[in-house]
Amino acid sequence: MTLRVLRPGVLATVQDLGRRGLGHLGVVAGGAMDPVSHRVANALVGNRGDAATLEVALLGPELLIGCDALVALHGGEFAAEIDGAPLPQSRPVLLPADARLRIGRVTAGCFGYLAVAGGLHVDPVLGSRSTYLAGGFGGWRGRSLARDAALPFAEGAEALAHARFARVTARHRIVALGRCQTVRWLAPPITLPEHDGSVIRAVDGLHSGLFDKAARALFFGERWRIAPDSNRMGFRLLGPRLALAGPAEILSQATCLGTVQVPPGGQPIVLMADHQTTGGYPGIAEVIAADVPRLAQLKPSASVRFAEVTLAEADAAREAACTLVDQLVERILWEFGNEGD
Amino acid sequence: MEPTSRGRNALPTVSPLGDSAVLLTLAECLDLDANALAGRVARDIRGRDLPWVSDIVPALVTVAVHFEARTARTAAERRAMLERLLVESLAREAGAGPAPAPRTVEIPVCYESPYAEDLLEVAAHTGLTPPEVVRMHSASPHRVLMIGFAPGQPYLGGLDARLAMPRRSSPRHRVEAGSVAIANAQTSIYPFATPGGWNVIGRTPLVLFDPVRKPASLLEPGDAVAFVPISTGDFGRIASGQHAR
């Protein structure tokens, strides 16, 4: 039983929470660009957070559902239809076999996560089902979905769909919408930008001393735009050029998720999920862990400002973000009788 | 923060790298002893199997340790603990005498056309003949200084100083997988076909990174590498043997 691709969309990749422990071999953790929405989408179908979902960007694919399936689309908001009727988002939806799910343009945010009860069962590679585009492995053939790609469901996905939906609807009235069934409650978005002009927090970069004062003031003062040539490896920022105080040569060293590096041209790049493990450009700042999922939801041309915080503030923000997500996931799984697999 | 107590710029240092990693910096410029020490410290930390450490990335003269944490307290504790572990490990490894001899990985390389696209340019730039370039390159005592940029892509030190070359003035749009290339007194091997600016002097039929092979990466940081010149005929035989597996 599979999810078959009728139209591939812009960038649809199988993702989970990524690979661990291979950085010394040049393999980055990777995984979902917005792991928070990925986890919540999984919870909405009763899965554990590490089950593989389909990450869709900007313009989603059209899919044929191979068997009755419990799905949830969460994260970025999309113009999505099921057999021509609007698909309710951010809640569990029971779809009948042969339903056509069309995920159209994004209307808020950038990345959406389609979770299926039981997860997408592509073969794990190096301990993860996530697609690593630069390495050409993981997910569906190491690539973004193409027409006629078939993503296998877990064994027994159909029975699991009905069993879990029955548990969810034990306490809630079933809402029938065309050929699909759902419930009235939904998960709130927690990573979507509230308005244009998001503020993303960052701590000082290791090489910020190599930039002149004006460049640092510009980085934290200016309003930037996400450039159209941004991708899963990095978000390029459009704005003023950032100048180094003098010629600087950085020996290649490890980079992080959220490192803001500045190549000689002066246009900063924020390193995202599929970033290279090492780099030789100076880093002016590091986006804090709590805000990487929020940054991931800014689509090309969206505007963003960076606010400097201390390490202690970053740690407090991380705790607040983790608590928020854990509580939401726990609350959703409670609806499934806490029997997520 | 013992290592920084000697002053702001005294090395080695351990500093936070963002809010989810710490970085041990051993030297300001490329130094082979510092590089070897970085590799030993990274292996030592890896051997501790800390479940909350997600990645340990040694590079030319640094070691980054990426960690996971939920609460502010655990984040601060883990950062402090890693700083202490890195300092202790550094002291122990630096005083531990010579490292055990590395394993040597033999890598067959065909230094002939059509695989040696920039060999003539390297010869012209260095004032050597192409056979001399090949002889010096294959006789150099190469060591894997780091793996990065792409999965399994090694940066090798030990290149004969007479072969030092700048990068090509215009990068190629496509450098084939297996290409052996030199620049900045180093050698690299491209695991995948990618754009690249280094001077290609040969190609190996070996697959550097295969995610379903065990181990996936042909090389690891610290390995000694011996390049063995082969003919185009040998190249074809080895390449088809690899694909047959």
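J.: So what exactly am I meant to see when it comes to the overall build of chain A here?
T.: Per the secondary structure count, chain A includes five helices and 20 strands. Since a compact globule built from 341 residues should have a radius of gyration of about 20 Å, the 20 Å found for chain A is in line with a globular shape. If you line up chain A on its principal axes, its C-alpha atoms span 65 × 35 × 35 Å. In chain A, which comprises 341 residues, the share counted as buried stands at 54%. Partitioning the intrachain contacts of chain A with sequence separation of at least 6 by distance along the chain shows that 78% fall at a separation of at least 24.

J.: So what exactly am I meant to see when it comes to the overall build of chain B here?
T.: Broken down by element type, chain B carries five helices and 13 strands. Here chain B holds 245 residues, and the buried ones make up 44% of them. Within chain B, counting contacts between residues at least 6 apart in sequence, those at least 24 apart form 60% of the total.

J.: I tried to follow the domain arrangement of chain B on my own but got confused; where do I start?
T.: Accessible area lost during the coming together of the parts is what is often quoted as the interface size. Residues and elements named next belong to chain B. In terms of domain boundaries, chain B breaks down into domain 1 (2–94) and domain 2 (104–244). If you average the C-alpha positions of domain 1 and of domain 2, the two centres end up 30 Å apart. Counting from both sides, the interface comprises six residues of domain 1 and, opposite them, six residues of domain 2. For the side of domain 1 that touches domain 2, the element with the highest residue contribution is helix H1 (residues 32–47), accounting for three residues.

J.: Even after reading the chapter, I still don't get the pairing of strand S20 (residues 303–308) of chain A, so can you show me in this structure?
T.: Residue and element names in this part refer to chain A. Here strand S12 (residues 198–204) pairs with S20 via five bridges, running parallel. Across the sheet, the residue bridging to Ile-200 is Phe-306, located in S20. Inspection of the sheet shows strand S13 (residues 224–226) paired to S20 by two bridges, in the antiparallel sense. Looking across to S20, one finds that Arg-225 is bridged to Ser-303.

J.: It is not clear to me how the interface of chain B and chain A should be interpreted in this structure. Could you clarify?
T.: At the interface, 41 residues of chain B touch 36 residues of chain A. Listed by contribution, the elements that provide at least two residues to the side of chain B that touches chain A are strand S1 (13–16), strand S2 (21–25), strand S3 (53–58), strand S4 (62–67), helix H2 (72–94) and strand S6 (142–147) of chain B. Looking at the side of chain B that touches chain A, the element that brings in the most residues is S3 of chain B, giving five residues. In terms of residue class, the side of chain B that touches chain A is built from 27 nonpolar, eleven polar and three charged.

J.: Just checking my understanding: could you explain the domain arrangement of chain A for this structure?
T.: Residue and element names in this part refer to chain A. By the assigned domains, chain A splits into domain 1 (2–188) and domain 2 (198–309). Distance from the C-alpha centre of domain 1 to the C-alpha centre of domain 2: 30 Å. With 19 residues of domain 1 at the interface, the matching set in domain 2 holds 13 residues. Looking at the side of domain 1 that touches domain 2, the elements with two or more residues in it are helix H1 (35–44) and strand S8 (100–116). Ranked by the residues each element gives to the side of domain 1 that touches domain 2, the list is headed by S8, at four residues. Classifying every residue of the side of domain 1 that touches domain 2 gives eleven nonpolar, seven polar and one charged.

J.: It is not clear to me how the sheet that holds strand S17 (residues 269–271) of chain A should be interpreted in this structure. Could you clarify?
T.: Hydrogen bonds between backbone atoms are what pair the strands of a sheet, whose relative direction is either parallel or antiparallel. All names here are of chain A. Strand order in the closed barrel formed by seven strands is S12-S19-S16-S17-S14-S13-S20, with mixed pairing between adjacent strands. Across the sheet, the mean angle from the axis of one strand to that of its neighbour is 40°, orientation sign disregarded. Across three bridges, strand S16 (residues 259–261) lies against strand S19 (residues 283–287) in antiparallel orientation. Of the residues in S19, the one forming a bridge with Thr-259 is Glu-286. Packed on one face of the sheet, helix H3 (residues 213–221) meets S19 and S20 and runs near 120° to S20.

J.: Mind showing me how you'd approach H3 of chain A here?
T.: The α-helix advances 3.6 residues per turn, and as a result positions three or four apart in sequence lie on the same side. Residues and elements named next belong to chain A. Of the positions making up H3, those classed as buried are Ala-215, Leu-218 and Phe-219. Each buried residue of H3 sits inside an arc of 100° when the element is viewed along its axis, so together they form one side. Of the exposed residues in H3, those oriented more than 90 degrees away from the buried face are Lys-213, Ala-217 and Gly-221. Packing partners of the buried residues in H3 comprise S19 and S20.

J.: Would you mind going over the nonpolar core with me for this structure?
T.: Burial of nonpolar side chains together is a common tendency in soluble globular proteins. Ranked by size, the top nonpolar core spans 171 residues in total, and within it Ala-69, Val-71, Ala-115 and Val-116 of chain A together with Val-65 and Ile-201 of chain B carry the most contacts. Considering each element in turn, this core owes the most residues, nine residues, to S8 of chain A. Aside from chain neighbours lying at most four places away, what touches Val-116 of chain A is Leu-3, Val-45, Ala-69, Val-71, Phe-153 and Ala-157 of chain A. Counting five residues, the second largest nonpolar core, distinct from the first, contains Tyr-132 and Ala-134 of chain A together with Phe-149 and Ala-150 of chain B.

J.: Would you mind going over unusual backbone geometry with me for this structure?
T.: The phi angle of most residues is negative, glycine excepted, and most peptide bonds adopt the trans form. Along the chain, Ser-113 of chain B connects to Pro-114 of chain B via a cis peptide bond; the corresponding omega equals 5°. The topology assignment puts Pro-114 of chain B in the loop between strand S5 (104–110) and helix H3 (119–126). In the segment running from Lys-214 of chain B into Pro-215 of chain B, the intervening peptide bond is cis, with an omega of -5°. With respect to the helices and strands, the residue Pro-215 of chain B is situated in the loop between strand S12 (199–203) and strand S13 (224–230). At Asp-148 of chain A, a position not held by glycine, the phi torsion is positive, near 75°. Unlike most non-glycine residues, Asp-49 of chain B shows phi in positive territory, near 50°. Along the chain, Asp-49 of chain B turns up in the loop between H1 and S3.

J.: I tried to follow helix H5 (residues 311–335) of chain A on my own but got confused; where do I start?
T.: Between its terminal C-alpha atoms H5 of chain A stretches 37 Å, which fits the 36 Å expected from 25 residues at 1.5 Å a residue. Ala-314, Asp-315, Arg-318, Ala-321, Val-325, Val-329, Ile-332 and Glu-335 of chain A are the residues of H5 of chain A that are buried.

What counts and how
Residues numbered from 1 in each chain as written. Chains lettered and ligands numbered in written order. Predicted model: local features only at pLDDT ≥ 70, side-chain atom pairs only at ≥ 80, totals over all residues. Helix = DSSP H or I, 4+ residues; strand = E, 2+ residues; numbered from the N terminus. Rg over C-alpha atoms; globule rule 2.2 N^0.38 Å. Buried ≥ 20, exposed ≤ 12 C-beta atoms within 10 Å, placed from the backbone. Contact = placed C-beta atoms within 7 Å. Domains from an automatic or database assignment. Pairing = 2+ DSSP bridges. Nonpolar A, V, L, I, M, F, W, Y, C, P; charged D, E, K, R; others polar. Axes fitted to C-alpha atoms, helices over the stretch in contact; angles between N-to-C directions. Arc of directions from axis to C-beta. Core = buried A, V, L, I, M, F, W, Y, C linked by C-beta atoms within 7 Å. Expected span 1.5 Å × (residues − 1).

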